[in-house]
Amino acid sequence: MSVLGLFFFVAIVGLTLYVTYWASKRTNSASEFYTAGGGLTGWQNGIAIAGDYLSAASFLGIAGAIALNGFDGFFYSIGYLVAYLVVLYIVAEPLRNLGKYTLADMITARFEQQKIRATAAISTLTIVLFYMIAQLVGAGALIQLLLGIDYWIAVLLVGIMMTTYVLFGGMAATSWVQIIKAVLLMVGTIIISFLVLMKFDFNILRMFSEMKTVTPAGENFLNPGVKYTNGIDTMSMMIALVLGTAGLPHILMRFFTVKDAKTARSSVVYATWIVGLFYILTIFLGFGAAAFVGSDEIIAANAAGNMAAPLLAQALGGDLLMSFVSAVAFATILAVVAGLVLSGASAFAHDIYGQIIKKGQATEKEQMKAARFASIGVSALSVILALFAQSMNVAFLVSLAFCIAASANLPVIIYTIYWKRFNTTGAISAMVTGLVSALVLVAMSPNVWNPEGTAIFAGDPLFPLTNPAIVSVPVGFIAGYIGSLVSAKADKRKYAEVAVKANTGLK
Amino acid sequence: MEHKVHHTTPPQQNHDYEAIAASPEFKSLVRKKNKFLLPVTVFFLLFYFTLPLLTSFSTVLNSPAIGDITWVWVFAFAQFIMTWALCMIYVKKANGFDSEAETIFNLHNKNEGSDR
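Note that this is a predicted model, so its numbers are computed, not measured.

## Side note on the overall build of chain A
In terms of helices and strands, chain A carries 19 helices and two strands. Along the first, second and third principal axes, the C-alpha set of chain A runs to 65 × 50 × 40 Å. Counting the 507 residues in chain A, one finds 63% classified as buried. Looking at chain A alone, contacts between residues at least 24 apart form 81% of all its contacts between residues at least 6 apart.

Set out below in structure tokens:
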């Protein structure tokens, strides 16, 4: 690694550790640990939400996907962005008004039953683990390339860093690491995009014209269909992207870090502008990489295209820009996995330990201890799993997490807030059926089975789609509907309370 | 450490939620909210899924729109404009609902007080 690269790397690690030290002094209660005491302002939380969205999958993954597949890569940008509207219009405010720390809090605001809390916690933990393994496997491969260290050392390094942030600084540290990284990532992306535009004399029409000739796809590069040729599968992926975000625990958790629904709302607005701008710029990253690095070199570095953005930085700005962008990519991974650890730990420590085992009677001290132990546990488990999962396809793991979030969490969130007749049986059947159907369908999909042995097992897939959302999301909704109708009547008084709280914020 | 030991669930005020839910003010707020949220949600989901539907099952978006920029990019960009616009519209609407929620709040608190 170059001296310059080492400098940026150390600077970012040093800065984030300083923030953690600062945050540790103000993290003394469970509320401060899980939600930074609800003390983030609208713009702070907005940048942090944007940071959660702008994961390594967005920065490295989408840039690479556009560079290699043209418009088909841009589908991700569109899906992730419009997902914001689902979050804002359907989920954000009721969630903020009903919940405390976790998704389970919100559902149990209506159904005070431990089996519901346990089911919600298990679904949260499943999503967090899959998402985390994906991030860690990607991080390991990336850091291996960037710093020239072994995969297992890279995963361990990320594991230690993320545990440190969460353990000592809780949500305050996690949020500020996220904010710092989001700002650096935007700066890096704007610089690269500017340099790409400069190469095309600031003429966007010329850029598009030249893209017709510089890639192996030729004119098709500018049209859909380079990668996604199965229409049903494309629709299924788009369903998972737009509906999955609203069920991701580490995104939902962000709505508890502000003082009220109004602030939650304003933070989403900041985030929408930042994320929208970023996703527009992914076009320049992708086109630039295709034009100035070339697909052969991108694929040679990483078959999935994950190195496109750092290689483009090298081509345009030399070692200086490359080192900066690599360090920012590292920070991106750290910030996102820290948020995931925190949301996994809250499901464990708050839902399972605090509310189910201790029945809500745990002292502040016991809660903090449980939260910290759970953070270490979630980190250790995901690091171990990631060490064994090195050869797994990262995109597949992420799409699985989105699919479970959309199938298991979204139906129950929507029913809890908006459906009077919904009841306990419905809630459990929606979550369990959504979770199981997503897992089972993926286990039978071409991601796992391939006749030529290029997937995990050799053989014909029983289910034809790589992403099962188009089946598993409706199945989750139907299961919740049927479950409610076949069982006892709903508690009307409780629904009145939930409806009033969700709509007015009255406590 | 002299942190106070307190329970995870602070004692809650006992509002008569059923009375609030049945009040005309609350009903009107929920009706207004749904009248705004539901059509807009249906609209943006339709607008969103039209893009992959058109790209998957037709080639109408593959013809050039501006220079060599094809219609699919124009439609994709329109999704961005839609997201930004609907985000701003939501905040404007929701701020209006806030004041109505506050009215319900105050009205109700006053009633509860006078009942005792």
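## Observations concerning the confidence of the model for chain B
Residue and element names in this part refer to chain B. Residues of chain B with pLDDT of at least 70 account for 82%, and the chain-wide mean is 82. Counting contacts from residues 1-12, a segment whose pLDDT is below 50, to residues more than four positions away or on other chains yields 12 contacts. The ipTM for the predicted assembly is 0.90, set against a pTM of 0.89.

## Observations concerning the interface of chain B and chain A
Residue-level contacts link 48 residues of chain B with 46 residues of chain A. Residue assignment for the side of chain B that touches chain A shows that the elements contributing at least two residues are helix H1 (17-22), helix H2 (24-57), strand S2 (69-70) and helix H3 (71-115) of chain B. Across the side of chain B that touches chain A, the residue classes break down as 29 nonpolar, 15 polar and four charged.

## With respect to the UniProt feature "transmembrane region" (unreviewed entry) in chain B
According to UniProt, the feature "transmembrane region" (unreviewed entry) maps to residues 36-57 and 69-91 of chain B in the numbering used here. Taken end to end, residues 36-57 of chain B is 100% helix and 0% strand, and its first and last C-alpha atoms sit 32 Å apart.

## Quick look at the packing of helix H9 (residues 204-214) of chain A against helix H12 (residues 261-292) of chain A
All names here are of chain A. Across the interface, H9 lies against H12 with an axial gap of 10 Å and an inter-helix angle of 45 degrees. Considering their axes alone, H9 and H12 lie oblique with respect to each other. With respect to the hand of their crossing, H9 and H12 are arranged in left-handed fashion. Side by side, H9 and H12 meet where Met207, Glu210, Met211 and Val214 of the first sit next to Phe287, Ala290 and Ala291 of the second.

## Focus: the nonpolar core
Residues and elements named next belong to chain A. The biggest cluster of nonpolar side chains holds 215 residues, and the ones touching the most others in it are Ala289, Leu312, Leu334, Val337 and Ala401. It is helix H14 (residues 308-357) that contributes the most residues to this core, 31 residues altogether. In contact with Ala289, not counting residues within four places along its chain, are Ala63, Ala67, Ile298, Ala308, Ala309, Leu311 and Leu312.

Definitions and cut-offs
- Here the residue numbers are simple positions, counted from 1 along each chain's written sequence.
- Key to labels: chains lettered from A, ligands numbered from 1, both in the order written.
- Side-chain atom pairs in this predicted model are given and counted only at pLDDT of 80 or more, local residue features only at pLDDT of at least 70, and totals for whole chains, interfaces and linings cover all residues.
- Comment: elements are numbered from the N terminus, with helices defined as DSSP H or I runs of at least four residues and strands as E runs of at least two.
- Put plainly, a residue is buried at 20 or more neighbouring C-beta atoms within 10 Å of its own, exposed at 12 or fewer, and partly exposed in between, counting only other residues' C-beta atoms, which are placed from the backbone.
- We call two residues in contact when their backbone-placed C-beta atoms lie within 7 Å.
- For every residue, the predictor assigns a confidence score, pLDDT, that lies between 0 and 100.
- Ten residues, namely Ala, Val, Leu, Ile, Met, Phe, Trp, Tyr, Cys and Pro, are considered nonpolar, four, namely Asp, Glu, Lys and Arg, are considered charged, and the remaining ones, Gly among them, are considered polar.
- UniProt positions are given in the numbering used here, feature names are shortened, and annotations may be inferred rather than shown by experiment.
- Orientation is described by axes fitted as lines to C-alpha atoms, over the contacting stretch for helices, and by angles from 0 to 180 degrees between their N-to-C directions.
- Roughly parallel covers angles under 35 degrees, roughly antiparallel covers those over 145, roughly perpendicular covers 65 to 115, and oblique covers all other angles.
- Crossing handedness is defined as follows: a turn of the near helix away from the far one that is anticlockwise and smaller than a right angle gives a left-handed crossing, while the clockwise case is right-handed.
- Linking buried Ala, Val, Leu, Ile, Met, Phe, Trp, Tyr and Cys residues through C-beta atoms within 7 Å yields a set, and such a set is a nonpolar core.

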